[in-house]
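Structural characterization, general
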Amino acid sequence: MTTPIPPRPDVAELSGYHSPQIDVPVRLNTNESPLAPPVEFVDAWLARLREVDLNRYPDRAATELRDGIGAMYQRLGAQIFAANGANEVLQTILLTYGGHGRKALLFEPTYAPHAHYIRITGTTLVEAGRGSDFAIDFDAARMVIEREQPEIVFVCRPNNPTGTVEPLALIESLLAVVPGLLVVDEAYGEFAPDSAIDLVRNDRPLVVTRTYSKVWSLAAQRLGYCIAPEWAIAELEKVVLPYHLSAATQLAGVEALRFSDAMRARVGLLVSERERVFAELQATDGVTAYPSGANFILIRSEPPSPERGRALWQSLLARGVLVRDFSHWPHVEGCLRVTIGTADENDAFIVALRASL
Ligand SMILES: *Cc1c(COP(=O)(O)O)cnc(C)c1O
């Protein structure tokens, strides 16, 4: 079919984001929380929603939400920007600080949407690599940064899909050499031992993004945010669509904060399950497991090959366990990524894996 108007040539070349959803008993493929949010939270949220004047636009500045998130980190709401998922935060950062004639650098393998938003905003993508253990080598990174002078540098920490947690010292070293913004994606930050949020200051070009999707069990609601210098937040506010955050979303975010003890308990549970699954994987012949600071673990079939990885993915699926197939991705050939689920789901995965090998 010929369409009356083709998209921009750079958009025509892109392929969309695909994460196949297959209906199976054990779904460990998209890093969501395996647990529903507390019932008390849902009740509190709906009660407040009932009082909203639905005929009026919501608070454009999302003041209560931003103040609430800020308070969690002993900061003012002026250092918080919230949007419909961390993905919209990332896109807004690129619309504001990227674009034609500007460059953004990332370290592959990493979260694929970063490269996608770089491209759709017309920003020039600069790719650097990681070492064999998936860690970022500072000297190699500095060379690329000094040569390319990117306006934005992305570091995903913990990194998706590898689980790697870069030391905070590396973040500080990068801050000393970036010519523009350093954006640290902490979508899995709550599962890691420490956070780059502690490094955010008004006189530093550091932005840290987080999400309600993973630890707050709210992937369906779409809410993410960043902690950044006030001057950067003010620019992001100019670029994002007016009234982009619905009243329902703002209230969900505010009410969820009152259940942070429940959230922390869930994080603790998933972290201990992660360590248990990691130990089981290390005791399993035929796979390598990479240490992870997130709610997932990257594994590689041995000896590594894309075909062997794909066969393992299919064999797990045939046993009712869906994980994420990275077997044909550059830098992670033969790898699969398994989300940490409930203890029962994790057991089902280990049993299916051993039967498959
Ligand atoms: C899941 C994820 C996000 C964000 O998600 P939203 O659901 O849009 O908040 C951001 N970055 C990484 C690395 C992720 O894995």
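Only a predicted model underlies this, so the values are computations on that prediction, with no experimental measurement involved. Residue indices begin from 1 for each chain and proceed along its sequence in written order. Side-chain atom pairs in this predicted model are given and counted only at pLDDT of 80 or more, local residue features only at pLDDT of at least 70, and totals for whole chains, interfaces and linings cover all residues. The side-chain numbers reported here are obtained from all heavy atoms of the structure, hydrogens and water having been left aside.

1. Observations regarding the packing of aromatic side chains
- Pairing of aromatic rings covers Phe, Tyr and Trp, the last through its six-membered ring, and needs centres within 6.5 Å; plane angles under 30 degrees mean stacked, over 60 mean edge-to-face, and all others mean tilted. As enumerated under the stated definition, the model contains nine aromatic pairs in all.
- Between F41 and F259 the ring centres are 6.2 Å apart and the planes differ by 80°, which places this aromatic pair in the edge-to-face class. In this pair, F41 sits in helix 2 (residues 39–50) while F259 sits in the loop between helix 9 (247–257) and helix 10 (260–282), placing the two residues 218 residues apart along the sequence. No difference in accessibility class separates F41 from F259, as the two residues are buried. Put simply, DSSP marks the helices as runs of H or I at least four residues long and the strands as runs of E at least two long, and each gets a number from the N terminus on. Buried residues are those whose accessible area, probed at 1.4 Å on protein chains only, stays under 20% of the maximum for their type, while exposed residues exceed 50% and partly exposed ones sit between those limits.

2. Quick word on the nonpolar core
- The definition of a nonpolar core used throughout is a set of buried Ala, Val, Leu, Ile, Met, Phe, Trp, Tyr and Cys residues joined through side-chain atoms within 4.5 Å. Judged by nonpolar contacts, the single largest core of 78 residues is most densely connected at L182, Y212, L281 and F349.
- In terms of residues, this core owes the most to one element, helix 10, which gives six residues.
- Contacts between residues were defined by any pair of non-hydrogen atoms, one from each residue, lying within 4.5 Å. Every residue in contact with L281, bar those within four places of it in the chain, is listed here: V287, A289, I297, I299, F349, I350 and L353.
- L90, A115, I118 and L236 belong to the second largest nonpolar core, which has 26 residues in total.

3. Section: the site of the ligand
- Only a single heavy atom is needed: when it lies within 4 Å of a molecule or strand, its residue is near that molecule or strand. By nearness alone, 13 residues border the ligand, and A86, Y188, T211, S213 and K214 come closest of all.
- Pairs of N or O atoms within 3.5 Å make up the polar contacts considered here, provided that, within protein, one atom can donate a hydrogen while the other can accept it, and that residues adjacent in sequence are counted only when both atoms are side-chain atoms. For the ligand, a nitrogen atom lies 2.7 Å from a polar atom in the side chain of D185.
- For the ligand, an oxygen atom lies 2.7 Å from a polar atom in the side chain of R222.
- Here the Shrake-Rupley method, with its probe set to 1.4 Å, supplies the accessible areas, and only the displayed protein chains count as covering residues. Isolated, the ligand exposes 390 Å² of accessible area, and the fraction of that covered by the protein chains is 94%.
- Any residue that is not Ala, Val, Leu, Ile, Met, Phe, Trp, Tyr, Cys, Pro, Asp, Glu, Lys or Arg is counted as polar, Gly included; the first ten are nonpolar and the last four charged. Here the shell around the ligand is composed, by residue class, of five nonpolar, five polar and three charged.

4. Focus: the pairing of strand 4 (residues 124–128)
- Two strands are said to pair when DSSP picks up at least two bridges between them. The pairing of strand 3 (residues 103–107) with strand 4 spans five bridges and is classified as parallel. Its bridge partner being in strand 4, A104 is matched across the sheet by L125.
- For crossovers, right-handed means that the path from the first strand over the helix to the second runs clockwise, given strands pointing away from the viewer. Note that the unit made of strand 3, helix 5 (residues 112–120) and strand 4 has a crossover that is right-handed.

5. Notes on helix 5
- When we look at burial in helix 5, the residues that qualify are P113, H114, A115, Y117 and I118.
- Next to the buried residues of helix 5 lie helix 4 (86–97), strand 3, strand 4, strand 5 (152–156) and strand 6 (181–185).
- The first or second residue beyond helix 5 is G122, which carries a positive phi of 75°.

6. Topic: the sheet that holds strand 12 (residues 335–339)
- With mixed pairing, the five strands of this open sheet are ordered in space as 1-11-12-10-9. The strands lining the two open edges of the sheet, one partner per strand, are strand 1 (26–28) and strand 9 (287–289). Neighbour to neighbour, the strand axes of the sheet diverge by 35° on average, direction disregarded.
- In this sheet, strand 12 lies alongside strand 10 (residues 296–301) in antiparallel orientation, the contact comprising five bridges. Its bridge partner being in strand 12, L298 is matched across the sheet by R337.
- Taken strand by strand, helix 10 contacts strand 9 and strand 10, and its axis lies near 10° from that of strand 10. Angles shown run from 0 to 180 degrees and are taken between the N-to-C directions of axes, each axis being a line fitted to C-alpha atoms and, for helices, limited to the stretch in contact.

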